[in-house]
Amino acid sequence: GAGVSQSPSNKVTEKGKDVELRCDPISGHTALYWYRQSLGQGLEFLIYFQGNSAPDKSGLPSDRFSAERTGGSVSTLTIQRTQQEDSAVYLCASSGRDRTSTDTQYFGPGTRLTVL
Amino acid sequence: AQTVTQSQPEMSVQEAETVTLSCTYDTSENNYYLFWYKQPPSRQMILVIRQEAYKQQNATENRFSVNFQKAAKSFSLKISDSQLGDTAMYFCAFMNYGNKLVFGAGTILRVKS
């Protein structure tokens, strides 16, 4: 089946603007994760969804960052009033709980965000 | 909090040779998963291999195998018969059940012809 997809692939925005990043997980996967990959900080966890609820949002760096998931499927990560330090690759991953892939996270291709 | 350390920022290997990438981790948990992911220049994070901590047998996937030493908290990746397509950044990652991945800083592997 199809893998995790993310859109847009690249996003260039001006400082102070809001951006929305989208993630479509593998069909049937109940868990969804957002990570951020930047040169200075490496790979950092942002938020985890189980179904539509977010039991762990401890990695969100500030209240400018929010995320939601609807219908147990698509997720949107929103960054308000973007800053230059938000420039990074945002990766989404999903995992299912079937017998062969329990807890293994499969990643999308990422969205590269550049804040000018 | 768990931490993952990859002490080799860069490695090089000749095509067809064997290379080992190092990873150590710190945790007080007894049950967890360990992973190696590969990230080529395309940016796509690809699962290479995974190991459940309760399994003593080392995981293998074709040319890729791990040396899992639970007491030493060590999880190295061996790539045999290296191929040009193995050139990528390799990340070691830790996860306890149902939770987030904690990544190491990564090792850039270059396979030379």
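One structure accompanies this document, and this report is about it. (Residues numbered from 1 in each chain as written. Chains lettered and ligands numbered in written order. Predicted model: local features only at pLDDT ≥ 70, side-chain atom pairs only at ≥ 80, totals over all residues. Heavy atoms only, no water.)

Quick look at the overall build of chain B
The following threshold applies: Numbering goes from the N terminus for both helices and strands, where a helix is a DSSP run of H or I of at least four residues and a strand is a run of E of at least two. With the radius of gyration taken over C-alpha atoms, the globule rule is written as 2.2 Å times the number of residues to the power 0.38. Categorising residues by exposure relies on relative accessible area from a 1.4 Å probe, with only protein chains included: less than 20% of the type maximum marks a residue as buried, more than 50% marks it as exposed, and the intermediate range marks it as partly exposed. In this analysis, two residues are considered to be in contact whenever any of their non-hydrogen atoms come within 4.5 Å of each other. Reported accessibility uses the Shrake-Rupley method at a 1.4 Å probe radius. Residues are deemed covered only where the shown protein chains occlude them. A residue counts as positive if it is Lys or Arg and as negative if it is Asp or Glu; His and the chain ends are not included. Charge positions come from single atoms, namely NZ of Lys, CZ of Arg, CG of Asp or CD of Glu.
Looking only at helices and strands, chain B has zero helices and 12 strands in total. Taking 113 residues into account, the globule formula puts the C-alpha radius of gyration at 13 Å, and chain B, at 13 Å, falls close to it. Principal-axis analysis of the C-alpha atoms gives chain B an extent of 40 × 25 × 20 Å. Scored against the burial criterion, the 113 residues of chain B give a buried share of 49%. The long-range share in chain B, meaning contacts at least 24 apart out of those at least 6 apart in sequence, stands at 55%. If you sum the accessible surface of chain B, you get close to 5,500 Å²; carbon and sulfur atoms cover 44% of it. One finds the centroid of the 11 positive side-chain charges in chain B at a distance of 5 Å from the centroid of its 9 negative side-chain charges.

Here we look at the overall build of chain A
In terms of regular secondary structure, chain A is built from zero helices and 11 strands. Starting at the N terminus and ending at the C terminus, chain A contains elements arranged as β-β-β-β-β-β-β-β-β-β-β. Here chain A has a C-alpha radius of gyration of 14 Å; the compact-globule value for 116 residues is 13 Å, and the two agree. By principal-axis analysis of the C-alpha atoms, chain A measures approximately 45 × 25 × 25 Å. For chain A, the share of sequence-separated contacts (at least 6 apart) that also reach a separation of at least 24 residues comes to 53%. Working note: accessible area of chain A is about 5,500 Å², and carbon and sulfur atoms make up 46% of it.

Side note on the packing of aromatic side chains
Residue and element names in this part refer to chain B. Definition in use: Two aromatic rings, drawn from Phe, Tyr or Trp (for Trp, its six-membered ring), form a pair once their centres lie within 6.5 Å of each other, and the interplanar angle then sorts them: stacked below 30 degrees, edge-to-face above 60, tilted otherwise.
For the structure shown, the criterion picks out 16 aromatic pairs over all chains. Pairing Tyr25 with Phe94 gives two aromatic rings, centres 6.1 Å apart and planes at 35°, and the pair type is tilted. Taken together, the residues span a long stretch of sequence, with Tyr25 in strand S4 (residues 24-26) and Phe94 in strand S10 (residues 88-95) at a distance of 69 residues. For Tyr25, a relative accessible area of 5% gives the class buried.

Observations regarding the sheet that holds strand S8 (residues 75-79) of chain A
Residues and elements named next belong to chain A. Put simply, the rule reads: In this scheme, strands are said to pair when DSSP sees at least two bridges between them. Simply put, an axis is a line fit to the C-alpha atoms, just over the touching stretch for a helix, and the angle between two N-to-C directions goes from 0 to 180 degrees.
The strand order across the open sheet formed by four strands is S1-S3-S8-S7, and the pairing between neighbours is antiparallel. The outermost strands of the open sheet, each flanked by one partner alone, are strand S1 (5-7) and strand S7 (65-69). Shown here is a sheet whose adjacent strand axes are inclined to one another by a mean of 15°, direction ignored.

A look at the interface of chain A and chain B
Applied cut-off: As used here, buried area is the combined drop in accessible area, with a 1.4 Å probe, of two parts when they are placed together. Only one rule defines a salt bridge in this text: a Lys or Arg side-chain nitrogen within 4 Å of an Asp or Glu carboxyl oxygen. Contacts described as polar in this section are N or O atom pairs within 3.5 Å, which, within protein, must combine one atom able to donate a hydrogen with one able to accept it, while residues neighboring in sequence count only if both atoms come from side chains.
Chain A puts 25 residues into the contact, and the matching count from chain B is 17 residues. Buried area between chain A and chain B, summed over both chains or domains, comes out near 1,700 Å², and the portion from carbon and sulfur atoms is 49%. Contact with chain B buries surface across chain A, with Leu43, Asp103 and Phe107 of chain A losing the most and accounting together for 32% of the total. For the interface between chain A and chain B, the tally reads zero salt bridges. Across the contact surface, chain A and chain B share nine residue pairs in polar contact (both at pLDDT 80 or more). Looking at the side of chain A that touches chain B, the elements that each hand over two or more residues are strand S4 (31-38), strand S5 (42-50), strand S9 (88-95), strand S10 (106-107) and strand S11 (111-115) of chain A.

Some remarks on the side chain of Asn96 of chain B
Inspection of the secondary structure assignment puts Asn96 of chain B in the loop between S10 and strand S11 (102-103). Excluding its chain neighbours within four sequence positions, the residues that come into contact with Asn96 of chain B are Gln2, Glu29, Asn31 and Tyr32 of chain B.

A closer look at the layout of surface pockets
The cut-off we apply is this: Here a cavity means grid points, on a 1 Å grid over the protein atoms only, where a 1.4 Å probe fits yet cannot get out; a pocket means an open set of points with protein on both sides within 12 Å along at least five of seven lines; lining residues are those with an atom within 4 Å of a point. Grid points are joined across faces, edges and corners, and a volume is the space filled by probe spheres set on the points. Charged means Asp, Glu, Lys or Arg here, nonpolar means Ala, Val, Leu, Ile, Met, Phe, Trp, Tyr, Cys or Pro, and polar covers whatever is left, Gly included.
Each pocket or cavity is described by its volume, and for the largest pocket that value is around 510 Å³. Where the lining of the largest pocket is concerned, the elements lending two or more residues are S4, S9 and S11 of chain A together with S10 and strand S12 (107-112) of chain B. Reported here for the second largest pocket is a volume of approximately 200 Å³. Leu47, Val48, Ile49, Arg50, Gln51, Glu52, Lys55, Gln57, Asn58, Ala59, Thr60 and Glu61 of chain B together form the lining of the second largest pocket. For the lining of the second largest pocket, the elements supplying multiple residues, two or more each, are strand S6 (46-52) and strand S7 (60-61) of chain B. Take the lining of the second largest pocket: its biggest share by element is six residues, from S6 of chain B. Split into classes, the residues belonging to the lining of the second largest pocket amount to four nonpolar, four polar and four charged.

Overview of the pairing of strand S6 (residues 53-56) of chain A
All names here are of chain A. Judged from the two bridges that link them, S5 and S6 form a sheet pairing that is antiparallel. Directly across from Tyr48, in S6, lies its bridge partner Asp56. Counted along the chain from S5 to the antiparallel partner S6, the turn is two residues long, and its residue Gly51 has a positive phi close to 65°.

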